[in-house]
Amino acid sequence: MLTLENVQITQGSFSLHADFTIAPDTKTAVIGASGGGKSTLLSALAGFLTPARGRIRWNSDDLTTQPPAKRPISMIFQDNNLFPHLTAAQNVGLGISPALRLTQADHQRVSDALVRVGLAEMATRKPAALSGGQIARVALARLLVQGNPVILLDEPFAALGPAMRAEMLDLVAELVAETKATLLMVSHDPEDAKRIADQIILVADQIAHPPIETNHLFNDPPEAMRNWMG
Ligand SMILES: Nc1ncnc2c1ncn2[C@@H]1O[C@H](COP(=O)(O)OP(=O)(O)OP(=O)(O)O)[C@@H](O)[C@H]1O
């Protein structure tokens, strides 16, 4: 269980409050207006921002001041953060060893992850020779080898067309089901949120609101949600 206990995150003059828990094995969409604080929330969970107050816990572990690499959390950003000079396999291998010191068993894990995301034939290609969807798959393969129980996606599929985005969301849902990970995903598209999320965190008025079941929120949207849906 991921717990945000009276958390206050500040960035310059901006401040965001969060006080809720996320049940294990759930898929949560984080939605809200641009500049509302969705990335701020994910950055604090990943450890790139330290809350001004409050605690962040994973089960009984207090993560609040732990550096990103020590947290049981993997994150993919909008640009998928692949290194352009490394092959797909090397980019995945970074998820196991930042210095790419990989054992034979590690290489096998990388290969298995690339096979799982449908990139068996692309292991030696560099990002410039991959499509946007294939780059997103490499980033997902890296998540697989990291094996963390919490996955944060900050709109990694935003640049893809609707059909490819739907395909990627379905792949994410499959991987999350297989690994029993807890997923939080920023979304700008109500259809994406409906497609994948069990529940929704609405970020509005400097508050990351406690998660509400997806159908319930879409059937009876509060004003901030109606504004977001347009
Ligand atoms: N490094 C920073 N210093 C000061 N303020 C910042 C910084 N980064 C972000 N902010 C401010 O924090 C607020 C929340 O930004 P954030 O990126 O979390 O919003 P968001 O909901 O993810 O937006 P978007 O949907 O446009 O990506 C914004 O008002 C932004 O200007």
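Read on for a plain summary of the structure. (Residues numbered from 1 in each chain as written. Predicted model: local features only at pLDDT ≥ 70, side-chain atom pairs only at ≥ 80, totals over all residues. Heavy atoms only, no water.)

### A word on the site of the ligand
Contacts to the ligand come from Gln11, Gly12, Phe14, Ala33, Ser34, Gly35, Gly36, Gly37, Lys38, Ser39, Thr40 and His188. Within the backbone of Ser39, an N or O atom sits 2.8 Å from an oxygen atom of the ligand. At 2.9 Å, a side-chain N or O of His188 approaches an oxygen atom of the ligand. Here the ligand loses 58% of its free accessible area of 640 Å² to cover by the protein chains. Sort the elements by how many residues they give to the shell around the ligand and helix α1 (residues 38-46) lands first, with three residues. (Near = heavy atom within 4 Å. Polar contact = N/O pair within 3.5 Å; in protein donor to acceptor, adjacent residues only side chain to side chain. Areas by Shrake-Rupley, 256 points an atom, 1.4 Å probe, with all protein chains shown as cover. Helix = DSSP H or I, 4+ residues; strand = E, 2+ residues; numbered from the N terminus.)

### Comments concerning the pairing of strand β7 (residues 150-154)
Of all five residues making up β7, five are buried, and the element is well covered by its neighbours. Going residue by residue along β7, you find Val150, Leu152 and Asp154 tucked away on one face and Ile151 and Leu153 tucked away on the opposite face as well. In this structure, strand β6 (residues 73-76) lies alongside β7, joined through four bridges in parallel fashion. Counterpart to Met75 in the pairing with β7 is Leu152. Relative to strand β8 (residues 182-186), β7 is paired through five bridges, and the arrangement is parallel. In the strand pairing of β8, Asp154 is matched with Val186. What joins β7 to β8 is helix α5 (residues 162-179), and the crossover it makes is right-handed. (Buried < 20%, exposed > 50% of the residue type's maximum accessible area, 1.4 Å probe, protein only. Pairing = 2+ DSSP bridges. Right-handed = clockwise from strand over helix to strand, strands pointing away.)

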